[in-house]
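Listed below are the residues making up each chain.
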Amino acid sequence: MEQSHDAPEQSSGGSSVSRRAALRLTAGVGGAALAAGPLLGATRAAADDGSGSGSDSESGSESGDGSTADQGQGSPLLLTRPESLGAPAVEGLHLTFGTDPTRQMSVSWTTDGQVRNPRVRFGTLEGGFGHTVAADTRTYTDGVSNRIVHTHHARLTNLKPGTYYTYAALHDGGRPDAGTFRTAARGRQAFTFTSFGDQAVPNTTWQPDGKGGYTSVPSGIASPASADIVAGIEQVDPLFHLLNGDLCYANISPDRLRTWQGFFANNTRSARYRPWMPAAGNHENEKSNGPIGFTAFQTRFDLPDNGGDDETKGLWYSFTVGSVHVVVLQNDDVAYQDAGDAYVHGYSGGAQRAWLEKDLAKARADHSIDWVVVCMHQVVISSSDANGADRGVREQWGPLFDRYQVDLVVCGHEHDYERSLPVRGTISGSETLTPNPVSTATDVMDTSQGTVHMVLGGGGTSSPTNSQFFKPAQAKVITGVGAVGANGKRTPVYVHEDAPWVGVRDLDHSYGFAAFTVDPGTKPGGTTSIHVTYYRVAQPDGSISPMESFVLHRRRSDHH
């Protein structure tokens, strides 16, 4: 029997502090979190004494899922003694959904070295605090620097749907770092999610100067926009965020570990409050990091299980929130372009495609699911003279997107914004498998008739491609690769095509993200819709403003 980790909601009486405001106050970083303790009525019995004696479990009772429930109503954030000298700090705190977003959440972080007893303490304002879950520690050794990375992941289960929680990650002798989250509600509910790809980091790192010293250089293709866009996401306040690959470009940075550290330091401002669900892009493929190069990504994120082996763990997965089923794919498996540190085309041996077809078929047979959204990196459509569209992706994923009526695909790879008309099938006789538009509408689109593709690659890199759009619109498509060139990569073979599928492009602005608000509709078999807004992120102040809005709609699946 599952045990809920909270009590029924109660009135806060005459309090002038809203429930959500209290949660945000509680979840301030470090000392701010501790200062908020009295607001929550913390008791000394529930405090962590930092002694390493295991008092969390000794002072409480065991919950149904193996977590420890402390006696009393104390705050998990109250620390009664300072951290020990030299104890590593909690860094890069972030959230990801479990397989069931209504009941499961993973809390993840890193430390600069080994720690004792890493754990998460969590609870609700209404139900009391003090549940404790031990974290699983995973490490990898970076193949370039030979430094060991220590990550920690605590899986919170048996949570209550549609509920706010506050939590703190900590270890013996260390100061806790804190956040809040809200679980997904059960059933058809309205909610908002956001998406962008190709972020990079807003900081610099050290590079040898050739004279025995070091010089400061950008981490990968860094720019201030990669920080501004995080603030933009927080203004929208989504339930979760989809990150469409090429997270931080660590593979092209002089210091991969410092770049990853900068990525999480930047994004924890949002990712500690809502799950950031990532797709691995070509720049997550790192030399000497695992059998296919994705070990850093796989170790740092705790993602829903895909039933595969350790080699492909976390590279593709799915989850359902309300009536929306989200599928996350890893496209280097099928893309022809050679764009990572290693060329790994076909690495799954067809396993990812088989999993995808099974997952899509199951979703479309489920009458509680209306929408299927795919998050991936490399693109089916692009009218930019940059990377181009990839026929390998079109060949492998396109027929499945058509067969199972995928509604929306969000991706990156091209550092710009464009979206397609609804497409279904390919234009007859096309060498490049040109997507076939089924409508010319750009404001209101029925996605049961065709899939809408959105390129959202303006996440913050210093190499935007919005100035490289073909005018008038056309496309170049990678149809294969040739011999290895001077840059060490297989030379792409391009074929140009007409682009009748082009819907909307932003030629004038480099950075932005999309927000998707789901309206589940009001009756079985009625209309459900997703209201989409694309926000530009301005230079130099980072302010956000809407560029455009449009609506996707389809019939609900519960009409049978």
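Here the residue index of a chain counts from 1 through its sequence in written order. The predicted origin of the model limits local features to residues at a pLDDT of at least 70 and limits the giving and counting of side-chain atom pairs to 80 or more, whereas totals for whole chains, interfaces and linings rest on all residues. As a convention, hydrogens and water are excluded, and side-chain values are obtained from all of the structure's heavy atoms.

> For this particular structure, what's the right way to read the packing of aromatic side chains?
For any pair of aromatic rings, the description consists of the separation of the ring centres together with the inter-plane angle of the planes. Note on aromatic pairs: the rings of Phe, Tyr and Trp (six-membered ring only in Trp) are paired at centre separations within 6.5 Å, and the planes decide the class, stacked below 30 degrees, edge-to-face beyond 60, tilted for the rest. Applying the stated criterion across every chain, the model contains 19 aromatic pairs. Note on Phe191 and Phe240: the rings are 6.1 Å apart at their centroids and 35° apart in plane angle, and the pair reads as tilted. Of this pair, Phe191 sits in strand β11 (residues 191-196) while Phe240 is found in strand β14 (residues 240-243), placing the two residues 49 residues apart along the sequence. Per residue, the accessibility class of Phe191 equals that of Phe240, and both read buried. For the pair Phe263 and Phe264, a centre-to-centre distance of 4.9 Å together with 75° between the ring planes defines the contact as edge-to-face. Across the pair, exposure class does not vary: Phe263 and Phe264 are buried alike. In this structure an aromatic cluster arises from ring pairing among Phe97, Phe191, Phe193, Phe240, Phe319 and Phe516. Helix and strand definitions here come from DSSP, where helices need a minimum of 4 consecutive H or I residues and strands a minimum of 2 consecutive E residues; each element is numbered from the N-terminal end. Burial status follows relative accessibility: with a 1.4 Å probe on protein chains alone, a residue under 20% of its type maximum counts as buried, one over 50% as exposed, and anything between as partly exposed.

> Explanation requested: unusual backbone geometry in the structure shown.
Residues apart from glycine generally show negative phi values, whereas peptide bonds are mostly found in trans. Note that the residue after Lys471, namely Pro472, is joined by a cis bond; omega there is 0°. With respect to the secondary-structure elements, Pro472 resides in the loop between β25 (452-456) and β26 (474-484). The omega torsion of the bond from Gln539 to Pro540 falls at 5°, within 30 degrees of zero and hence cis. If you trace the backbone, Pro540 turns up in the loop between β30 (527-537) and β31 (544-555). The backbone phi angle of Asn158 is positive, close to 55°, even though this residue is not glycine.

> Whenever I open this one, the sheet that holds strand β19 (residues 389-390) confuses me. Can you help?
Strand pairing within a sheet occurs via backbone hydrogen bonds; the two strands may be parallel or antiparallel. Judged by pairing direction, the sheet is mixed, and its three strands sit side by side in the order β19-β26-β27 without closing on themselves. Across the chains shown, the open sheet's two edge strands, defined by having one partner strand only, are β19 and β27 (490-498). Note on pairing: DSSP must find at least two bridges between two strands before they are called paired.

> What's the story with the packing of helix α4 (residues 225-236) against helix α5 (residues 256-271) in this structure? I'm lost.
Describing two packed helices takes the angle between their axes plus the distance from one axis to the other. The geometry of α4 relative to α5 is characterised by a closest axis approach of 9 Å and an angle of 10° between their N-to-C directions. Here α4 lies roughly parallel to α5, going by the angle between them. When α4 is examined against α5, the residues Ser226, Ala227, Val230, Ala231, Ile233 and Glu234 are found in contact with a partner set consisting of Asn266, Asn267, Arg269 and Ser270. In the scheme used here, Gly and all other residues not listed as nonpolar or charged are polar, with Ala, Val, Leu, Ile, Met, Phe, Trp, Tyr, Cys and Pro taken as nonpolar and Asp, Glu, Lys and Arg as charged. Of the residues belonging to the contact of α4 with α5, the class tally is four nonpolar, four polar and two charged. Only the stretch in contact is used when fitting a helix axis, every axis being a line fitted to C-alpha atoms; angles between N-to-C directions are given from 0 to 180 degrees. The cut-offs work like this: below 35 degrees is roughly parallel, past 145 is roughly antiparallel, 65 to 115 is roughly perpendicular, and the gaps in between are oblique. Throughout, a residue-residue contact means that at least one pair of heavy atoms, one from each residue, lies within 4.5 Å.

> Looking at this structure, I do not really get empty space enclosed by the protein. What am I missing?
If a probe the size of a water molecule is rolled over the atoms, the empty space left behind becomes visible. The definitions used throughout rest on a 1 Å grid laid over the protein atoms alone, on which a cavity is an enclosed set of points accommodating a 1.4 Å probe that cannot get out and a pocket is an open set flanked by protein within 12 Å on both sides along at least five of seven lines; lining residues are those having an atom within 4 Å of a point. Grid points are joined across faces, edges and corners, and a volume is the space filled by probe spheres set on the points. On inspection of all chains with the given rule, the structure shows four cavities of 30 Å³ or more. Here the largest cavity is characterised by a volume of approximately 50 Å³. If you trace the largest cavity, you find it lined by His94, Leu243, Leu247, Phe263, Phe264, Asn267, Ala271, Trp276, Pro278 and Phe301. Of the residues forming the lining of the largest cavity, the biggest block, four residues, is contributed by α5.

> Explanation requested: helix α8 (residues 391-403) in the structure shown.
The periodicity of an α-helix, 3.6 residues per turn, causes residues three or four positions apart to be oriented the same way. To estimate the expected span of a helix, count its residues, drop one, and scale the result by 1.5 Å. Between the first and last C-alpha of α8 there are 18 Å, a value that for 13 residues agrees with the 18 Å anticipated at 1.5 Å per step. The angle between axes fitted to the seven residues ending at a residue and the seven residues starting there is what we call the bend at that residue. Its maximal kink placed at Trp397, α8 deviates by approximately 40°, while the proline Pro399 follows within four residues. Of the positions making up α8, those classed as buried are Gly392, Val393, Arg394, Trp397, Gly398, Leu400 and Phe401. For the purposes of these results, a polar contact is taken to be a pair of N or O atoms within 3.5 Å, where, inside protein, one atom must be able to donate a hydrogen and its partner to accept one; residues adjacent in sequence count only when each atom of the pair is a side-chain atom. The backbone nitrogen of Gly392 has a side-chain oxygen 2.9 Å away, supplied by the residue at the start of α8, namely Asp390. Backbone geometry just after α8 places Gln405 at a positive phi near 50°.

> How do you make sense of the pattern of salt bridges when you look at a structure like this?
Any two side chains of opposite charge can pair, on the condition that their charged atoms come close. Salt bridges, as used here, are contacts in which a Lys or Arg side-chain nitrogen is within 4 Å of a carboxyl oxygen on Asp or Glu. Evaluated as defined, the whole model comprises 24 salt bridges. When the shortest N-O distance is used, the salt bridge between Asp255 and Arg147 registers 2.7 Å. One end of the pair, Asp255, is in the loop between β14 and α5; the other, Arg147, is in the loop between β7 (136-141) and β8 (148-156), and 108 residues separate them in sequence. On the accessibility criterion, Asp255 (13% relative accessible area) is buried. Between Asp402 and Arg424 there is a salt bridge, and its shortest N-O distance comes to 3.6 Å. Here Asp402, found in helix α8, pairs with Arg424, found in strand β22 (residues 423-426); they are 22 residues apart in sequence, far enough to count as distant. Among the residues examined, Asp402 registers a relative accessible area of 24% and is labelled partly exposed. In this structure Arg424 comes out as buried when scored by relative accessible area, which is 19%.

> Mind showing me how you'd approach the pairing of β11 here?
The side chains of a regular strand alternate, first on one face of the sheet and then on the other. In terms of residue burial, β11 counts as a mostly covered element, since six of its six residues are buried. Examined bridge by bridge, β11 and β14 share four bridges and lie parallel to one another. Paired with Ser195 across the strands is Leu242, a residue of β14.

> Which parts of the structure should I look at to understand the nonpolar core?
Across soluble globular proteins, nonpolar side chains have a tendency to be buried as a group. Judged by nonpolar contacts, the single largest core of 116 residues is most densely connected at Phe240, Leu242, Trp260, Met376, Met454 and Phe516. In this structure, Met376 is in contact with Asn244, Ala279, Leu329, Asn331, Val393, Trp397, Phe401, Val409, Val410, Cys411 and Gly412, ignoring residues within four places of it in sequence. What we call a nonpolar core is a set of buried Ala, Val, Leu, Ile, Met, Phe, Trp, Tyr and Cys residues that are connected through their side-chain atoms within 4.5 Å.

> For this particular structure, what's the right way to read the confidence of the model for the chain?
Close inspection of predicted coordinates is inappropriate for parts of the model with low pLDDT. What pLDDT conveys is the predictor's confidence in a given residue, as a value from 0 to 100. Of the residues in the chain, 84% have a pLDDT of 70 or more, and the chain-wide mean is 88. The low-confidence segment residues 1-66, where pLDDT is below 50, has 136 contacts with residues more than four positions distant or belonging to other chains.

> Hey, could you run me through the sheet that holds β7 in this one?
Across the sheet, which stays open at both edges, the four strands sit in the order β3-β4-β8-β7 with antiparallel pairing between neighbours. At either margin of the open sheet sits one strand with a lone partner, and together these are β3 (91-97) and β7. Along the sheet, successive strands turn relative to each other by an average axial angle of 25°, direction set aside. As defined by bridge partners, strand β4 (residues 105-111) adjoins β8 across seven bridges and the pair is classed as antiparallel. Residue pairing across strands places Val107 opposite Ala154, the latter belonging to β8. In the packing of α5 onto the sheet, the strands contacted are β3, β7 and β8, and the crossing angle to β3 comes to about 60°.

> Where do I start with the environment of His131 in this structure?
Along the polypeptide, His131 turns up in strand β6 (residues 128-134). Taking the C-alpha atoms as reference points, His131 and Arg121, separated by ten residues in sequence, lie 5.4 Å from one another.

> Before we go on, may I ask you to explain the packing of helix α7 (residues 351-364) against α8 in this structure?
Contact geometry for α7 and α8: axes closest at 10 Å, N-to-C directions at 10°. Here α7 is positioned roughly parallel relative to α8, judged by the angle of their axes. Only Gln396, Trp397, Pro399, Leu400, Phe401 and Arg403 of α8 make contact with α7, whose side of the interface consists of Gln352, Arg353, Leu356, Glu357 and Leu360. Of the residues assigned to the contact of α7 with α8, the class counts are six nonpolar, two polar and three charged.

> Help me understand the layout of surface pockets in this model?
Considering only enclosed or pocket space, the largest pocket measures out at about 580 Å³ in volume. As for the largest pocket, its lining consists of 26 residues, of which Thr99, Ser318, Thr320, His325 and Lys362 are closest to the centre. Only β16 (317-321) and α7 provide two or more residues apiece to the lining of the largest pocket. The residue inventory of the lining of the largest pocket, partitioned by class, reads eight nonpolar, ten polar and eight charged. Taken together, 18 residues make up the lining of the second largest pocket; nearest its centre are Glu91, Thr110, Asp112, Leu257 and Gln261. Elements represented by at least two residues in the lining of the second largest pocket include exactly β3, β4, β8 and α5. In terms of residue class, the lining of the second largest pocket is built from five nonpolar, seven polar and six charged.

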